[in-house]
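Examination of the molecular architecture
Take a look at the letters that make up each chain.
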Amino acid sequence: MTALQEVLLAVSLWPILFTISNPINCGDEQSSLSNCLSISQEKLLDRVIQHTELIFRVSEESCTLFEEMFIPLPLQLQTNQAGNACMTKVLHIPSSKSEIQQITDKWLLHSVLMLVQSWIKPLVYLQTTMTQYDFASEALLNKTKWMLEKLISLEQGVVVLIKKMLNEGAMATTVTEQDLFPTDLQPDILASIMNDYNLLSCFKKDTHKMEILLKLLKCRQNEIYNCA
């Protein structure tokens, strides 16, 4: 089986991974979200925030590892100056401080859920493509696998949080898979590396955004004045 066929196989298996991730697991450990419905709303929100913080921290470590292995400094600077065209821009989730403060609690939660769900498939892809690289360390591959597993767990926690706080199911997004995850895979190895680097960088940005939105929600739930 060629590397490209392996990538396409992993992408096709994503719905299966999503399905077998149920039921929701909300254990006491920080690294897992069982029995979500039986714990308090406040405690569940705290666990979801902790989960997001951990994912963000590992995404930072993964970006650093990836840079050290594959991206020379001049190319890093060039990429940072150009900025990343992240795929989740099509979700139109508020990003400025003023926009985020105006968003309702309902849309805070659904924005987080949209971000989480939009990243599951790309992380399946990322985990697969990085096995093609001769010098990818075991640490980097393990971190990528860990982020995918924890993102699925986070999605479960946010869905239950929506049921608890809003007494409703998750809203369906109108954004298509094609919008979020184009299927034109890059056969060139350098292009593939830069694409993966862009994915990791964007994932780091979006997990930080999830963290900000969830902490704002916690602030509002505690009725703290002037939540920022």
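Conventions and cut-offs
Residues numbered from 1 in each chain as written. Predicted model: local features only at pLDDT ≥ 70, side-chain atom pairs only at ≥ 80, totals over all residues. Heavy atoms only, no water. Core = buried A, V, L, I, M, F, W, Y, C linked by side-chain atoms within 4.5 Å. Buried < 20%, exposed > 50% of the residue type's maximum accessible area, 1.4 Å probe, protein only. Helix = DSSP H or I, 4+ residues; strand = E, 2+ residues; numbered from the N terminus. Contact = heavy atoms within 4.5 Å. Axes fitted to C-alpha atoms, helices over the stretch in contact; angles between N-to-C directions. Parallel < 35°, antiparallel > 145°, perpendicular 65-115°, else oblique. Left-handed = near helix turned anticlockwise from the far one by under 90°. Nonpolar A, V, L, I, M, F, W, Y, C, P; charged D, E, K, R; others polar. Disulfide = S-S within 2.5 Å. Salt bridge = Lys/Arg side-chain N within 4 Å of Asp/Glu carboxyl O.

Our next topic: the nonpolar core. Formed by 59 residues in total, the largest nonpolar core has its most connected members in F66, F70, W119, L151 and L154. Listing elements by their share of this core, those giving two or more residues are α3 (41–70), α6 (105–129), α7 (138–166) and α9 (189–221). At 13 residues, α6 tops the list of elements feeding residues into this core. The contacts of F70, once residues within four sequence positions are left out, are Y133, F135, A136, L140 and I193.

A few words now on the packing of α3 against α7. In the contact formed by α3 and α7, the axes pass within 9 Å of each other and the chain directions differ by 155 degrees. Looking at the two axes, α3 sits roughly antiparallel to α7. Crossing geometry of α3 relative to α7 is assigned as left-handed. Its residues placed into classes, the contact of α3 with α7 shows 20 nonpolar, seven polar and four charged.

Among covalent bonds in proteins, the disulfide is the one between the sulfur atoms of two cysteines. Across all of its chains, the model carries one disulfide by this definition. The partner cysteine of C86 in its disulfide is C202, sulfur to sulfur 2.1 Å. For the disulfide bridge between C86 and C202, the dihedral angle about the S-S bond is near -90 degrees, and by the sign convention the bridge is left-handed. Taken as a pair, C86 in the loop between α4 (73–82) and α5 (97–102) and C202 in helix α9 lie far apart in primary sequence, 116 residues in all. Accessibility classification places C86 together with C202 in one group, the buried group. The thiol of C63 is not disulfide-bonded; the next cysteine sulfur, from C202, is found 9.2 Å away. Given a relative accessible area of 2%, C63 falls into the buried group.

The N-to-C vectors of α7 and α9 enclose an angle of 25 degrees; their axes lie 14 Å apart at closest approach. Between α7 and α9, the angle falls in the class roughly parallel. Judged by the sense of rotation from one axis to the other, the crossing of α7 with α9 is left-handed. On α9, the residues touching M147, L151, L154 and M165 of α7 are L200, F203, M210, L217 and Q221. The class makeup of the residues in the contact of α7 with α9 is eight nonpolar, one polar and no charged.

Let us now look at the pattern of salt bridges. Applying the stated rule across the entire model yields five salt bridges. Residues K218 and D46 are paired through a salt bridge, measuring 2.6 Å at the closest nitrogen-oxygen approach. On the criterion of sequence distance, the pair formed by K218 in helix α9 and D46 in helix α3 is long-range, its members being 172 residues apart. On the basis of relative accessibility, which here comes to 25%, the residue K218 falls in the partly exposed class. For R220, the salt bridge goes to D105, with nearest N and O atoms at 2.8 Å. Highlighted residues: R220 in helix α9 and D105 in helix α6, separated in sequence by 115 residues. Using a relative accessible area of 22% as the deciding quantity, one classes R220 as partly exposed.

Honestly, that's just the spatial picture; any functional story needs more than this.
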